[in-house]
Amino acid sequence: MKCLSIQQPWASLIACGIKDIENRTDRKLVPPQRLLIHVGAKARCSLDSLPLAYELPIQFAEEIGAFDRNSELVKSAIIGYVDVVDIVNDSKSLWAQYAPDGEKQILHYVLKNAKLFKTPILGVKGRLGVWDIPEIDENNLPETVDLPKVERNGQTIIIPLGPELWSQFSEWYNNSDIPEFEFELTALDSNIDFFFKNGDGEDADLEPLPTKQIILKSKDGEGITTDFVDIYSECLTWEDTGEPIYYEDEAGNEYVAATIHITVKRK
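Report follows, based on the coordinates. Quick caveat: nothing in here was measured; it's all calculated off a predicted structure.

### Let's talk about the environment of Lys197
Mapped onto the secondary structure, Lys197 falls in the loop between strand E9 (180-186) and strand E10 (213-217). As for Lys197 and Trp10, which are separated by 187 residues in sequence, their C-alpha atoms are 32 Å apart. With near-sequence residues (within four places) excluded, Lys197 lies in contact with Glu207, Pro208, Leu209 and Pro210.

Have a look at this one:
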């Protein structure tokens, strides 16, 4: 099976379905192509040094239990696979990078269907370009992690909660006399349409989609059905000025940082 070496933390962010573009200066393959994700021996950068455009989708993945920034990022290993469905030079993804004028054009490998192995294949040295791992093919791929994701089924929203949010919810559900539980999720272009009509993440007064109940699920798959109470989106603001917090991606597209506030009650 074909394999591509990618440095951390990008490799783990791809395998966990967070990063949907791999930036390259050369066309290494002809899509569509499924690739094993190999992690190089050296890290590209630290998760703690990423710009806000990258930090917010990672933060949302942590909130729903799809990523843990505190877990060790393995190296010199094969950690999963992903489908390269296209190669373009004008992706609108916030993960797409662009070369300064006069430098070699950056190509955007468009990624879909990422899968993370439950157990990484350790001790594998990387190579340049796309290379072969003959002992692995489509028929003997290692077992993968079922990563949590937000889903909507009619007027029901299914929201997985990471360990921190699930602990807060469980404490309220089992012990609290408070009638309602409110929690927050990071608002992104990729998740806002589960909750609001015609949303792009920039409007604090979006109209909520009709919702009757919300099923909250733990990382272990335990689900508790609650009655829906309220939902609204709120822009994050700077403490000193009260102005919205804006940020840009590599292409210069501007976004506003926002949260989704969700309130439920016991069914």
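### So, empty space enclosed by the protein
In the structure shown here, the tally under the stated rule is one cavity of 30 Å³ or more. In this model, the largest cavity occupies a volume close to 50 Å³. In terms of lining residues, the largest cavity is bounded by Leu4, Ile6, Ile14, Glu22, Leu35, Leu36, Ile37, Val82, Val84 and Leu111. No other element matches strand E3 (residues 33-43), which puts three residues into the lining of the largest cavity. Grouping the amino acids of the lining of the largest cavity by side-chain chemistry returns nine nonpolar, no polar and one charged.

### So, a negative patch on the surface
On the surface, a cluster of negative charge is contributed by Glu180, Glu182, Glu184, Asp230 and Glu234. Looking at the negative patch, the elements that each hand over two or more residues are E9 and strand E11 (223-235). Here the element with the most residues in the negative patch is E9; it accounts for three residues. Topologically, Glu180 is positioned in strand E9.

Definitions and cut-offs
Residues numbered from 1 in each chain as written. Predicted model: local features only at pLDDT ≥ 70, side-chain atom pairs only at ≥ 80, totals over all residues. Heavy atoms only, no water. Helix = DSSP H or I, 4+ residues; strand = E, 2+ residues; numbered from the N terminus. Contact = heavy atoms within 4.5 Å. 1 Å grid on protein atoms, 1.4 Å probe; cavity = no way out; pocket = protein on both sides within 12 Å on 5 of 7 lines; lining within 4 Å. Points joined across faces, edges and corners; volume = space filled by probe spheres on them. Nonpolar A, V, L, I, M, F, W, Y, C, P; charged D, E, K, R; others polar. Patch = residues over 30% accessible without salt bridge, like charges linked within 9 Å, V, L, I, M, F, W, Y side chains within 5 Å. Areas by Shrake-Rupley, 256 points an atom, 1.4 Å probe, with all protein chains shown as cover. Salt bridge = Lys/Arg side-chain N within 4 Å of Asp/Glu carboxyl O. Lys, Arg positive; Asp, Glu negative; His and termini not counted. Charge placed at Lys NZ, Arg CZ, Asp CG, Glu CD.

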